[in-house]
Amino acid sequence: MKVAFIGLGNMGAPMAANLAAAGHAVAGFDVSGVVPTGVTAAPTAAQAIVGAEVIVTMLPNGEILLNTYGLLLPDIPSGTILLDCSTVAVFDALRAAKMAVDAGCDALDAPVSGGTSGAAAATLTFMVGGDARAVAQVDPLLRGMGQRVVHCGGNGAGQAAKLCNNMLLGISMIGVCEAFVLAHALGLDWHKFYDVASTSSGACWSMTTYCPAPGIGPATPADRDYQPGFAAELMLKDLLLARQAALALGVASPLGEKATQLYDALVAQGGRGKDFSAMLPYLLQIARGV
């Protein structure tokens with residue numbers, strides 16, 4: 001397929017490269033001017049989309065997404081599929097979809113899970129919202145960038161799934177980190193605690209697959225001085241989006257609210273640029289009164 005890829009940052013660049021490696025003709029644009037191997041560099045976003053059957057966007061936030069659609073849609077032929085892989089507010093995803101549909105295009109929101117390592121290895125999970133026919137059309141592209149595709153429902157459903165999942169992930173990571181801090185205070189060997197918790201009722205992804213304690217379990221960012229992975233500031237972004245949705249809908253989310261406060265504090269106090277599992281050393285510092 002002929003693909004335009006707008007937004008070639010830490011996630012977008014390897015995703016676009018994987019599409020090119022899978023045999024698709026990919027023209028890419030990023031404000032940095034840098035494009036990965038195999039992707040044809042376009043000097044502007046408007047030039048990148050010329051002739052594209054599918055336009056993929058991976059952008060930092062909803063405002064930039066809406067501005068990008070506003071600039072490009074007048075020049076996009078009807079029938080083109082706009083596949084947005086950014087993580088944005090559900091309400092922004094719905095607005096973007098309406099803009100696309102009003103212009104005669106198909107719109108899909110398809111945020112991802114798996115982080116930069118998943119993007120590089122083409123093992124991402126895509127949570128997709130939009131028309132089933134359009135999802136089927138882009139399935140070869142999604143399979144070229146990931147290993148699991150879940151059609152969650154209509155427009156906005158992909159973003160809803162992503163925000164709910166990441167709110168749960170942020171909460172569970174804090175719980176795992178608190179448990180390690182308490183184990184430490186009680187004099188319990190972390191390896192022994194892991195052996196118990198990873199195989200009993202405390203088991204969860206944050207414990208068994210992405211353990212925040214260095215040298216324990218499978219290799220994780222904790223073993224690389226908490227280099228991301230999934231950065232703490234990105235977790236904070238997702239928690240803030242989930243909080244925005246909860247407040248707008250009047251949904252009680254006390255643990256989500258507390259998780260947002262803790263990640264806000266982590267990012268403000270040296271956690272920016274660290275993995276979100278760096279919540280563990282942050283809580284250890286609090287416990288020690290540092």
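This text goes with the structure placed above it.
Residues numbered from 1 in each chain as written. Predicted model: local features only at pLDDT ≥ 70, side-chain atom pairs only at ≥ 80, totals over all residues. Heavy atoms only, no water.

J.: Please set out the environment of Ala 16 residue by residue, giving values where relevant.
T.: For Ala 16, the position within the fold is in helix H1 (residues 12-21). Here the alpha-carbon distance between Ala 16 and Leu 73, two residues 57 residues apart in the chain, equals 21 Å. If we skip the residues at most four places from it in the chain, Ala 16 touches Phe 5, Leu 8, Val 26, Pro 36 and Val 39. (Helix = DSSP H or I, 4+ residues; strand = E, 2+ residues; numbered from the N terminus. Contact = heavy atoms within 4.5 Å.)

J.: Lay out the nonpolar core in plain terms, naming residues and giving numbers.
T.: When a protein is soluble and globular, its nonpolar side chains tend to lie buried together. Membership of the largest hydrophobic core comes to 37 residues, with the highest contact counts inside it found for Phe 180, Trp 190, Tyr 263, Phe 276, Met 279 and Leu 280. Looking at which element gives the most residues to this core, the answer is helix H7 (residues 157-185), with eight residues. Residue contacts for Tyr 263: discarding those within four places in its chain leaves Gly 170, Met 173, Ile 174, Ala 232, Met 235, Leu 236, Leu 239, Phe 276 and Met 279. Val 3, Ala 13, Val 54 and Met 58 belong to the second largest nonpolar core, which has 31 residues in total. (Core = buried A, V, L, I, M, F, W, Y, C linked by side-chain atoms within 4.5 Å. Buried < 20%, exposed > 50% of the residue type's maximum accessible area, 1.4 Å probe, protein only.)

J.: Can you break down the packing of aromatic side chains residue by residue, with the values?
T.: According to the stated counting rule, one finds six aromatic pairs in the structure shown. Relative to Tyr 210, the ring of Trp 205 lies with its centre 4.9 Å away and its plane at 20 degrees, an arrangement referred to as stacked. Owing to a relative accessible area of 43%, Trp 205 belongs among the partly exposed residues under this scheme. An aromatic cluster of at least three residues, connected via ring pairs, comprises Trp 205, Tyr 210, Phe 230, Tyr 263 and Phe 276. (Phe/Tyr/Trp six-rings, centres within 6.5 Å; stacked < 30°, edge-to-face > 60°.)

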